[in-house]
Amino acid sequence: MSKIRDCITRALVGVLSDTFKTTRESIEKLFSTGRLKLTPTPDPKLGDYGISLHILLKNYDKSSWEEIGLKLCNAILEAAREECGVEKAEFINGYLNMTVSHDRVLLDLAKLFLNNEISRDLSGIGAGRKVIVEHTSANPVHPLHIGSGRNSVLGDVLARLLKKLGFTVDTRFYVNDLGRQVATLTYGVQIAESAGIRKPDDAKIDHWYGVIYAITNTLIELDKLRSSLNNIGDSVLSLLRKLLEALREKSKQGEFLELSLILTEIQEKTKFVHNSPLLFKKLYKACRVHAKKLSEDPDLAPLVNQILDALGKYREAWIEYKRFHRAEMRLSTTYPHLYSSLKSAIKSYVEAEDSIKEITKRAESGDEEILSTIRRVTQDILEGFKSTLSKLDIAFNGFDFESSSEILGLAREVVNKISRTKYARVLESGAVEVDLNSAAQDYSYVRDLFYPDQAGRFIIMRSDGTTLYTTRDAAYTLYKFRALGASEVYNVIAVEQEREQKQVKATLYVLGYDSEAEKLHHFMYEMVQLKGVRMSGRRGVYYTMDELLLDMEECVYRSLIRERGAPAGPEDVISKLAVANTRSLLLSVEPGKVLSLDPSKLCEYEQGTIIEYAFVRAQSILRNAFNLEPLEDPVGLSSKIREILEQINSSFERRALSVEEKLLVELLVDLKTTLLEAYRELKLNRILEYAVKLALQFNKFYEKCPVIGERNEKTKAWRLLLVYVTHRVLLELLDVLGLPKLKRI
RNA sequence: GGGCCCGUCGCCUAGCCAGGACAGGGCGCCGGCCUUCUAAGCCGGAGGUCCCGGGUUCAAAUCCCGGCGGGCCCGCCA
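This one's a predicted model, so the numbers in the text were calculated from it and none came from an experiment.

Participant: Please clarify how the confidence of the model for chain A should be interpreted in this entry.
Facilitator: Interpretation of the predicted coordinates at a detailed level should be avoided for regions scoring low in pLDDT. Per-residue pLDDT for chain A has a mean of 90; in total, 98% of the residues score no lower than 70. Among the scores for the predicted complex, ipTM is 0.94 and pTM is 0.92.

In structure tokens form, the structure reads like this:
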């Protein structure tokens, strides 16, 4: 690609400036601004590359276009035939189309792979610089679900890509063991354990803790919601009384007769056995119906608005309550013992939250007893994470704990340092707030970071002296640069945390760590949406990666039976294809866009299989041709290819490639740009798309162009070369995408 | 209330930043092709107001403005 395209572009600059009698500089400018661009043609019949010249031609009369075109064709052939391999040029409707000799391109590519120049070239970009990729970092309170899975796969592929580009990559998992979520789980675990509840032997550990967390949280939330429904209800009733009085006083009952009747009825009914949500619904309707007329009265209007406002809140809380209630039903039925012991221990949300706060506080102050419980639970869950991720071939260089003395020490340092700046102030409660708005006035970096939004303020230390996630995150970032020696850091974190990540950067910048702030990259990705399911870790509603992998295996198994009649083939093929499809699924959409998945159509995600299948096919051709195992004997393979190259070189014969062969060569050449673009724009889905495209094109080639059975020895040699390069490119892609390298299916 | 992102065949998605030739793929659907490198494949077909309306331009899915619809963020949560 780029080599040929660059070459032709360079030639075009000269040709165009001569023909249109302008300076080279002005043509170059048109190219650099993208006004002129050499692109692949939409149809191979038109040639390989084309360029729209309308921008230059619009000053000329249409009748002279043909003449100009002819001149251009001759000129470009002369300028680029030898140099760039342009063998044909045509002028059509203002487009200059060129056909390139692909045989030379293919020869070049084969040589590059044989001498490993491709890898050397790619690895020059990182040149050994150390980068940290932090990913997954899921709260250790429930198993990894499909959302965390997207994070894991994106992070893993980014790490693999960076490695391929020559960076020294350190992958880290940040363990949020000091947050409220872990404290809540710990609280639940303490209750369950003191009640003698044990994990069922066959339950996977992270899933078990996920249940404890969900039940604990659900019980607390339900009590909290009950109390807030009560409070809102009370205030609604007192507002209702006031409204009735007001109506009576103003003797406007006549005017609002119907409303008064309904209001009175509602008020009376509250004295009997009644259904609050239903009554309030009625009240809401009545107020809405008369809202317009009521709003005309300056005394009644504010009252009605308050009622409507309160009822809106009531409704919201009620919906939330129903959600948690449904979760409670499900959880209590499935885990009756665990549920009842937690239920009897969690008497009020106030008490529970106090206990949870206490756990956080003790943990942060280094209380060994509570820390050992937290560490035990966290470690267990992390083991669960590791076993899930290892199935997907994802591993970490290290785990960093929030509760570690290094990070807590740095967190204190951050608080102390920022407190000495003029951007921090101590609130009445004792909490410390950072005012980034005023920092934005002094630093354009901070202003630009949040632009066009306000930078805002945030709390960096609670009134009880404990730190917040953002504080510890800033500390962790310093840890990454200082202790881990990173020169660049990528945080693979969901978009929801965009603001928090900016706050971290701004904080570091204000503290004088400007280069660290600039070298901290937030690799944002959007959520995974399951069709028809509202996922919530807090309610224990999620599609876990463990389940997804199992479902995917079933899909693969079924299609094996469908296509072959029997699940033949090597043993681990099913699980490996499931892994390939799962990774592809999570990678298939641009990271910044929502990935919506219909679980009932899971089996339709087969991009992984498509790639694997092409890879296996390429191998089988090479295996049959050279009588060796391509993956096990790369040296033997190279020497065979070298023989073919010598054979081709000695005959000096040019070869016209078929359409299938040409299109395949075109794609093969794109490896480097694809990887670079994916890296530059952090659009990792491009790599997958490229791999799928390549696999599909290889299938077409495979169908049309026999290799082993080809009688003509020269044709066979060229095709073997093409298969070899395809095999090598696919190998690189599987590496970066983290897909298994299957030998046979 | 303020800010950000997204809207492309029945479904999913690429292209948009750097505007160009009939808007690419995949899934699903319909019709063909297995004695030849394993057909999880290949060939052909149907299917589109590129959310809507203006503007800029020789040229708009792409750029600008205004709507509509969906998601996310604005916690002493993480």
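Participant: I would appreciate a short explanation of unusual backbone geometry in the present structure.
Facilitator: Glycine aside, a negative phi is what most residues show, and trans is what most peptide bonds show. A cis amide bond links Tyr-451 to the next residue, Pro-452, at an omega of 5°. Locating Pro-452 in the fold gives a position in the loop between α18 (444-450) and β10 (457-461). Notably, Ser-137 is not glycine yet its phi reads approximately 35°, a positive angle. Mapping Ser-137 onto the fold places it in the loop between β5 (130-134) and α7 (146-164). In this structure Ser-137 comes out as buried when scored by relative accessible area, which is 13%. Phi at Leu-682 takes a positive value of approximately 50°, unusual for a residue other than glycine.

Participant: Sorry if this is basic, but what is going on with the pattern of salt bridges here?
Facilitator: Oppositely charged side chains can pair when the atoms bearing their charge come close. Tallied over the entire structure, the rule returns 46 salt bridges. A salt bridge links Asp-170 to Arg-172, with the shortest nitrogen-to-oxygen separation between them at 3.3 Å. Each member of the pair, Asp-170 together with Arg-172, is buried. Glu-554 is the salt-bridge partner of Arg-558, the closest N and O atoms lying 2.5 Å from each other. Of this pair, Arg-558 and Glu-554 both sit in helix α22 (residues 545-564), four residues apart, which is roughly one turn of the helix. Through salt bridges with shared partners, one network takes in Lys-130, Asp-170, Arg-172 and Asp-400.

Participant: Looking at this structure, I do not really get the packing of aromatic side chains. What am I missing?
Facilitator: A complete count under the given rule lists 16 aromatic pairs for this structure. On the basis of an interplanar angle of 10° and a centroid distance of 4.1 Å, the ring pair of Tyr-445 and Tyr-509 is categorised as stacked. Of this pair, Tyr-445 sits in helix α18 while Tyr-509 sits in helix α20 (residues 498-510), and the two are 64 residues apart along the sequence. For Tyr-445, a relative accessible area of 15% translates into the label buried. By relative accessible area, which is 18% here, Tyr-509 ends up buried. Seen in terms of ring centroids, Phe-698 and Tyr-702 are 6.5 Å apart; in terms of plane orientation they differ by 45°. Their pairing is tilted. Separated by four residues within a single helix, Phe-698 and Tyr-702 lie in helix α28 (residues 685-704), roughly one turn from each other. With relative accessibility at 0%, the residue Phe-698 sits in the buried group. Tyr-702 sits in the partly exposed class, given a relative accessible area of 33%. Three or more aromatic residues joined by ring pairs make a cluster, and in this case those are Phe-173, Phe-385, Phe-396 and Phe-399.

Participant: I keep staring at the state of the cysteines and nothing clicks. Help me out?
Facilitator: Two cysteines, two sulfur atoms, one covalent bond between them: this is a disulfide. In the structure shown here, the tally under the stated rule is two disulfides. Each sulfur in the disulfide pair Cys-7 and Cys-84 lies 2.0 Å from the other. The disulfide joining Cys-7 to Cys-84 has a torsion of about -75° about its S-S bond and is therefore left-handed. Within this pair, whereas Cys-7 is found in helix α1 (residues 2-19), its partner Cys-84 is found in helix α4 (residues 65-84), the two being separated by 77 residues in sequence. For the residue pair Cys-7 and Cys-84, the accessibility class agrees, reading buried in each case. What pairs with Cys-555 in a disulfide is Cys-603, and their sulfur atoms sit 2.1 Å apart.

Participant: Just checking my understanding: could you explain the protein's contact with RNA strand B for this structure?
Facilitator: Among the 63 residues in the neighbourhood of RNA strand B, the closest are listed as Tyr-95, Ser-429, Glu-604, Tyr-702 and Ile-745. Restricting attention to atoms of RNA strand B within 4 Å of the protein, one finds that 59% of them are sugar or phosphate atoms. The side chain of Glu-590 places a nitrogen or oxygen atom 3.4 Å from a phosphate oxygen of RNA strand B. Here a phosphate oxygen of RNA strand B and a side-chain polar atom of Tyr-613 are 3.0 Å apart. For the surface near RNA strand B, the element with the most residues is α28, which contributes seven residues.

Participant: Is there a simple way to think about the environment of Gly-85 in this case?
Facilitator: Tracing the backbone through its elements, the reader meets Gly-85 in the loop between α4 and β3 (86-92). Judged by its relative accessible area of 4%, Gly-85 is buried. Counting along the chain gives 640 residues from Gly-85 to Val-725, while the straight-line C-alpha distance between them is 20 Å. Apart from the residues within four sequence positions on either side, Gly-85 is in contact with Ala-80, Thr-99, Val-100, Ser-101 and Arg-104.

Participant: What is the right way to look at the nonpolar core in this model?
Facilitator: Soluble, globular proteins show a tendency: their nonpolar side chains are buried together. Core analysis: the biggest nonpolar cluster contains 183 residues, and Ile-8, Leu-12, Leu-16, Leu-53, Met-98 and Leu-721 have the highest contact counts within it. Ranked by residue count, the leading element in this core is helix α29 (residues 713-737), at 14 residues. Each residue touching Met-98, except ones within four places of it in the same chain, is listed here: Ile-8, Leu-12, Leu-38, Gly-47, Asp-48, Tyr-49, Ile-51, Ile-76, Val-86, Lys-88 and Ala-89. Among the nonpolar cores identified, the runner-up in size contains 39 residues, and Val-446, Ala-475, Ala-506 and Leu-520 belong to it.

Participant: Help me understand the pairing of strand β4 (residues 95-100), please; the structure alone is not making it clear to me.
Facilitator: Two faces make up the sheet, and in a regular strand the side chains alternate between them. For β4, the tally of buried residues reaches five of six residues, placing the bulk of the element in the interior. Bridge analysis of strand β2 (residues 49-52) against β4 gives four bridges, and the strand direction is antiparallel. Opposite Gly-50, over in β4, you have Asn-97 as the bridge partner. Sheet analysis places β3 next to β4, joined by six bridges and oriented antiparallel. Each bridged residue has a counterpart across the sheet, and for Val-86 the counterpart in β4 is Val-100.

Participant: Explain the sheet that holds strand β11 (residues 488-494) to me, please; I cannot follow it from the model alone.
Facilitator: What links the strands of a sheet is backbone hydrogen bonding, and the strands pair in either a parallel or an antiparallel sense. Read across the open sheet, the five strands follow the order β7-β6-β5-β11-β12; overall the sheet is parallel. Each edge of the open sheet is held by one strand with a lone partner, namely β7 (398-401) and β12 (520-525). With strand direction ignored, the average angle separating the axes of adjacent strands in the sheet is 30°. Where α7 meets the sheet, its contacts fall on β5, β6 (168-175), β11 and β12, and the angle it forms with β11 comes to roughly 160°.

Participant: Quick question: what am I supposed to make of a positive patch on the surface here?
Facilitator: A surface patch of like charges, here positive, comprises Lys-281, Lys-285, Arg-315, Lys-322 and Arg-326. Mapped onto the positive patch, the elements with two or more residues apiece are α11 (276-295) and α12 (300-334). Ranked by residues supplied to the positive patch, first place goes to α12 with three residues. By secondary structure assignment, the location of Arg-326 is in helix α12. What makes Arg-326 exposed here is its relative accessible area of 53%.

Cut-offs used in this document
Residues numbered from 1 in each chain as written. Chains lettered and ligands numbered in written order. Predicted model: local features only at pLDDT ≥ 70, side-chain atom pairs only at ≥ 80, totals over all residues. Heavy atoms only, no water. pLDDT = per-residue confidence, 0-100. Helix = DSSP H or I, 4+ residues; strand = E, 2+ residues; numbered from the N terminus. Buried < 20%, exposed > 50% of the residue type's maximum accessible area, 1.4 Å probe, protein only. Salt bridge = Lys/Arg side-chain N within 4 Å of Asp/Glu carboxyl O. Phe/Tyr/Trp six-rings, centres within 6.5 Å; stacked < 30°, edge-to-face > 60°. Disulfide = S-S within 2.5 Å. Near = heavy atom within 4 Å. Polar contact = N/O pair within 3.5 Å; in protein donor to acceptor, adjacent residues only side chain to side chain. Contact = heavy atoms within 4.5 Å. Core = buried A, V, L, I, M, F, W, Y, C linked by side-chain atoms within 4.5 Å. Pairing = 2+ DSSP bridges. Axes fitted to C-alpha atoms, helices over the stretch in contact; angles between N-to-C directions. Patch = residues over 30% accessible without salt bridge, like charges linked within 9 Å, V, L, I, M, F, W, Y side chains within 5 Å. Areas by Shrake-Rupley, 256 points an atom, 1.4 Å probe, with all protein chains shown as cover. Lys, Arg positive; Asp, Glu negative; His and termini not counted. Charge placed at Lys NZ, Arg CZ, Asp CG, Glu CD.

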